[in-house]
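Inside the fold
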Amino acid sequence: MLPREELLKGIENRDTIARVIDLAEQAMKTWEITLTDFLSPPELAESEKVFSRLTEVQMIPWGGYPQAERQRLGIARSELPLDTSQVSVIVLEISGNFLFDPATHRDFLGSMLGTGIVRDKTGDIIVLGERGGQTIVTLELADFLELNLTQVRSVPVKTRRIDPGELKVREPKKKELTTVEASMRLDAIASAGFGMSRSKMVSLIDGGDVRVNWKEVTQASYQLKSGDLIAIRGKGRLEVKDMTITKKQRYRVELTRYQ
């Protein structure tokens, strides 16, 4: 048995990670690969933290494509081979004429949840403008959605399985930046990286919209370090790269912004 309470210390998403631990114990007992539902980035980060402390089991995340935000975990004993092909996902195409009634990510998700499914069974949703969208789901959900997802907003849609190679994933835009700041405070680095005023950034931090390494941070004075990832709802992500001290004792920070 795994040291459950020790592994769950300091974990925010306790219920989810407890289920992941259950699956890890099942994988150890049965010598079979177990699969989680789709996990959010914070849940994935905490799962990785837990598994980094274990030698008996291994995990591999997969959400249909390398940059997927929501991913399932395949879990197996350390002695067994494990790769992404063993993490089952299905790609669905949701096609319709959205020229006069454009649908957003929220619209597609709302229509899917409106059929009675739960969020944990669905991965990323890719919006394709007037042509509709694509989504990634668990195997057991595919047949259900093909039959029951027939409308998004006012638009009739057809839902069908497609080959994963037909995914139309847009590579995230990447921009390299350098800023020189008096400190490594979150509000200073993030406002420079996201190109907004310090006061606006403080407002976002106070409002709980900013995460560092997928954990909500509400202190503008939080001290960043190289390797940290800052995420803001609707604004993308910012990675803190190399940091050096200038002759004037200021911080020169290399940043990469993803949109």
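None of the values given here were measured: they were computed from a predicted structure.

Considering the overall build of the protein
Along the protein, the regular secondary structure elements total seven helices and 15 strands. With respect to the three principal axes, the spread of C-alpha positions in the protein is 65 × 55 × 30 Å. The proportion of buried residues among the 259 residues of the protein is 46%. Intrachain contacts of the protein at a sequence separation of at least 6 include 58% that bridge at least 24 residues.

Re the nonpolar core
Core analysis: the largest hydrophobic core is formed by 21 residues, its most contacted members being Leu-186, Phe-194, Met-201, Val-210, Leu-224, Ile-230 and Val-240. Among the secondary structure elements, those contributing two or more residues to this core are α6 (186–194), α7 (198–206), β11 (210–212), β13 (229–232), β14 (236–245) and β15 (251–258). Here this core takes four residues from α6, the largest share from any one element. Contact partners of Val-210, with chain neighbours within four places excluded, come to Leu-186, Met-201, Leu-204, Ile-205, Lys-215, Glu-216, Val-217, Ile-230, Ala-231 and Ile-232. Membership of the second largest hydrophobic core comes to 20 residues, among which are Val-20, Leu-23, Ala-27 and Phe-51.

With respect to the packing of α6 against α7
For the pair α6 and α7, interaxial distance at closest approach is 9 Å and the crossing angle is 115°. Looking at the two axes, α6 sits roughly perpendicular to α7. Note that α6 runs across α7; the crossing there is right-handed. Only Arg-198, Met-201, Val-202 and Ile-205 of α7 make contact with α6, whose side of the interface consists of Leu-186, Asp-187, Ala-188, Ala-190, Ser-191 and Phe-194. Split into classes, the residues belonging to the contact of α6 with α7 amount to seven nonpolar, one polar and two charged.

Quick notes on helix α2 (residues 14–30)
The terminal C-alpha atoms of α2, which comprises 17 residues, lie 24 Å apart, in line with the 24 Å expected from a rise of 1.5 Å per residue. Listing the buried residues of α2 in full gives Thr-16, Ile-17, Ala-18, Val-20, Ile-21, Leu-23, Ala-24, Glu-25, Ala-27 and Met-28. Here the buried face of α2 lies against α1 (4–7), β1 (34–35), α3 (41–51), β2 (57–62) and β3 (72–77). Immediately beyond the C-terminal end of α2, within one or two residues, lies Trp-31, with a positive phi of roughly 60°.

Observations regarding the UniProt feature "domain: RNA-binding S4" (unreviewed entry) in the protein
Per the UniProt record, "domain: RNA-binding S4" (unreviewed entry) is annotated on residues 184–245. As annotated, residues 184–245 comprises 29% helix and 31% strand, and the C-alpha atoms at either end are separated by 11 Å.

Some words on the layout of surface pockets
Its boundaries defined by the atoms lining it, the largest pocket holds a volume of some 1800 Å³. Pro-41, Gln-67, Glu-69, Trp-214 and Arg-237 are, among the 50 residues lining the largest pocket, the residues nearest its centre. Sorting the residues of the lining of the largest pocket by element identifies α3, β2, β5 (122–127), β13 and β14 as the ones contributing at least two each. If one sorts the elements of the lining of the largest pocket by residue count, α3 sits on top with seven residues. Residues of the lining of the largest pocket, tallied by class, amount to 22 nonpolar, 11 polar and 17 charged.

Describing the environment of Arg-198
Here Arg-198 lies in helix α7. The class for Arg-198 is partly exposed, based on a relative accessible area of 40%. For the pair Arg-198 and Glu-5, spaced 193 residues apart in the sequence, the C-alpha separation amounts to 40 Å. Among all residues touching Arg-198, those that are not within four sequence positions of it are Arg-185, Asp-187, Ala-188 and Ser-191.

Here we look at the packing of aromatic side chains
Summed over the entire model, instances satisfying the criterion amount to one aromatic pair. Geometrically, the ring pair formed by Phe-98 and Phe-108 is tilted, given 5.5 Å between the ring centres and 50° between the ring planes. Taken as a pair, Phe-98 in the loop between β4 (90–95) and α4 (105–113) and Phe-108 in helix α4 lie far apart in primary sequence, 10 residues in all. When the ring centre of Phe-38 is taken as reference, the NZ or CZ atom of Arg-72 above it lies at 6.0 Å.

Section: the pairing of β14
By the bridge criterion, four bridges tie β13 to β14 in an arrangement that is antiparallel. Within the sheet, the bridge partner assigned to Leu-229 lies in β14 and is Glu-239. Linking two consecutive strands that pair antiparallel, namely β13 and β14, is a turn of three residues; a positive phi of about 80° is found at Gly-234 within it. Where β14 and β15 come together, seven bridges link them in antiparallel fashion.

Rules of the game
Residues numbered from 1 in each chain as written. Predicted model: local features only at pLDDT ≥ 70, side-chain atom pairs only at ≥ 80, totals over all residues. Heavy atoms only, no water. Helix = DSSP H or I, 4+ residues; strand = E, 2+ residues; numbered from the N terminus. Buried < 20%, exposed > 50% of the residue type's maximum accessible area, 1.4 Å probe, protein only. Contact = heavy atoms within 4.5 Å. Core = buried A, V, L, I, M, F, W, Y, C linked by side-chain atoms within 4.5 Å. Axes fitted to C-alpha atoms, helices over the stretch in contact; angles between N-to-C directions. Parallel < 35°, antiparallel > 145°, perpendicular 65-115°, else oblique. Left-handed = near helix turned anticlockwise from the far one by under 90°. Nonpolar A, V, L, I, M, F, W, Y, C, P; charged D, E, K, R; others polar. Expected span 1.5 Å × (residues − 1). UniProt positions renumbered as here; feature names shortened; annotations may be inferred. 1 Å grid on protein atoms, 1.4 Å probe; cavity = no way out; pocket = protein on both sides within 12 Å on 5 of 7 lines; lining within 4 Å. Points joined across faces, edges and corners; volume = space filled by probe spheres on them. Phe/Tyr/Trp six-rings, centres within 6.5 Å; stacked < 30°, edge-to-face > 60°. Lys NZ or Arg CZ within 6 Å of the ring centre and 35° of its normal. Pairing = 2+ DSSP bridges.

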